[in-house]
Amino acid sequence: MREYFKQNNISTHANNSMVIKTIVMLLLFIVPIICLSIADISSIWSLFLLYIISGFGMAGIGMGIMHDAIHGSYSKSQTLNRFLGYSMNIIGANATVWKLQHNVLHHTYTNIHDADDDINMPFFLRFSPHTKKYKIHKFQFLYVWFFYSISTISWITAKDFIRLTRYQKMGLIDTRIEFQKDLLYLTLWKLVYYAYVIVLPIIILPFAPWITILAFISMHMVTGLVISCVFQVAHIMPGIDYPQANIDGEINSNWTVHQLLTTSNFSPKSSIFSWLIGGLNYQVEHHLFPNICHVHYKAISPIVKQTALDYGIPYNEKSTFVAALSDHIKMLKFLGR
């Protein structure tokens, strides 16, 4: 892989396309929010439209900016990575919690029950065959979409606080003082987010507060559904492994093989779709090379695929996003049965 970038004289970090995407996604989120506070908006439809547009911007920031920045793959400058990682905070979540949940736990223990927080769900959702099964899971393929849509509402309200506390108990946060500092920053960032995204519009706009709150919720339902579908179809799929760690927490297989067995690509031929979702349709490449910016995944995917086949390791891939969603539903049904 290093040879590919060396021979083509290409940086593993962001290129001009990535810079343009960064500007577009930030503006897609910020401009509608600014309009909600300064524009003369008298139509409820305009209110909802602005919030929903901003919701797509939030999804774009989450998938296409902060994801690379927090992995340290956006730029060789860690200062710039840290700065762009704060884009996670301006959309209501938290970069510190995400780094622990995603970079540390998900990328280390992919699809391992009780270790990978991306598949550790409330009791009414079963994303692993090693999770206790209840009768209600039989219908999860029907109701999961509602919970996908409200996932970021949970994120900006309770989940970050719950996970930060749990990670401190797990020893992922070094000291009590560091935890208290992280908790303070988490609280302050969220207060700022609530202030400009919902409080100011309620004060300024000529609508009943409950109407503005509904529009705000609609924004998050768009973001939650988009992000959840994109991330979950990469791992909750038929043919994907759900290994268990040893009693001491060690993974039985080689880490590289583990990533290939627990991850799936989708829609590899759609450049526009890939651009919009931050290259997350190339999840195999991302899991193997999280330090490489996602704008390079399409180019390196043939190398990864051929290498996997040469060694007799599965390279999981679905031809379209629709096919991936269909198989995701099949897996949810299987886990429910």
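Residues numbered from 1 in each chain as written. Predicted model: local features only at pLDDT ≥ 70, side-chain atom pairs only at ≥ 80, totals over all residues. Heavy atoms only, no water.

Let's shift gears to the nonpolar core. Counting residues in hydrophobic clusters, the biggest one holds 34 residues, and the most contacted among them are M63, M88, W98, F127, I236, F266 and I277. Secondary-structure elements contributing two or more residues to this core are α3 (44–71), α6 (95–108), α7 (140–149), α10 (209–232) and α15 (321–336). Per-element accounting of this core gives the leading share, 5 residues, to α15. Discounting residues that sit within four places of it in the chain, W98 has contacts with M66, H67, I70, M88, N103, W155 and F231. Of all hydrophobic cores here, the second largest spans 27 residues; its members include F29, L47, I65 and V197. (Core = buried A, V, L, I, M, F, W, Y, C linked by side-chain atoms within 4.5 Å. Buried < 20%, exposed > 50% of the residue type's maximum accessible area, 1.4 Å probe, protein only. Helix = DSSP H or I, 4+ residues; strand = E, 2+ residues; numbered from the N terminus. Contact = heavy atoms within 4.5 Å.)

What follows covers the confidence of the model for the protein. Looking at the protein, pLDDT values average 94 and 99% of them are 70 or higher. Taken element by element, the predicted model of the protein shows its lowest mean pLDDT in helix α1 (residues 2–7) (84) and its highest in α7 (97). (pLDDT = per-residue confidence, 0-100.)

Quick look at the side chain of N94 now. Mapped onto the secondary structure, N94 falls in the loop between α5 (87–90) and α6. If near-sequence neighbours (up to four positions away) are discounted, N94 is found in contact with M88, N89, D160 and L186.

Scanning all chains against the criterion turns up 6 salt bridges. Here R163 ties to D117 by a salt bridge, and the two come within 3.6 Å at their closest N and O atoms. With R163 in helix α8 (residues 151–170) and D117 in the loop between α6 and α7, the pair connects residues that are 46 residues apart, well separated along the chain. Note that D327 and K330 form a salt bridge whose closest N and O atoms lie 3.6 Å from each other. Of this pair, D327 and K330 are both found in helix α15, 3 residues apart, which corresponds to roughly one turn of the helix. Accessibility expressed as a relative area gives 48% for K330, which makes it partly exposed. Through salt bridges that share partners, D117, R163 and R166 make up one connected network. (Salt bridge = Lys/Arg side-chain N within 4 Å of Asp/Glu carboxyl O.)

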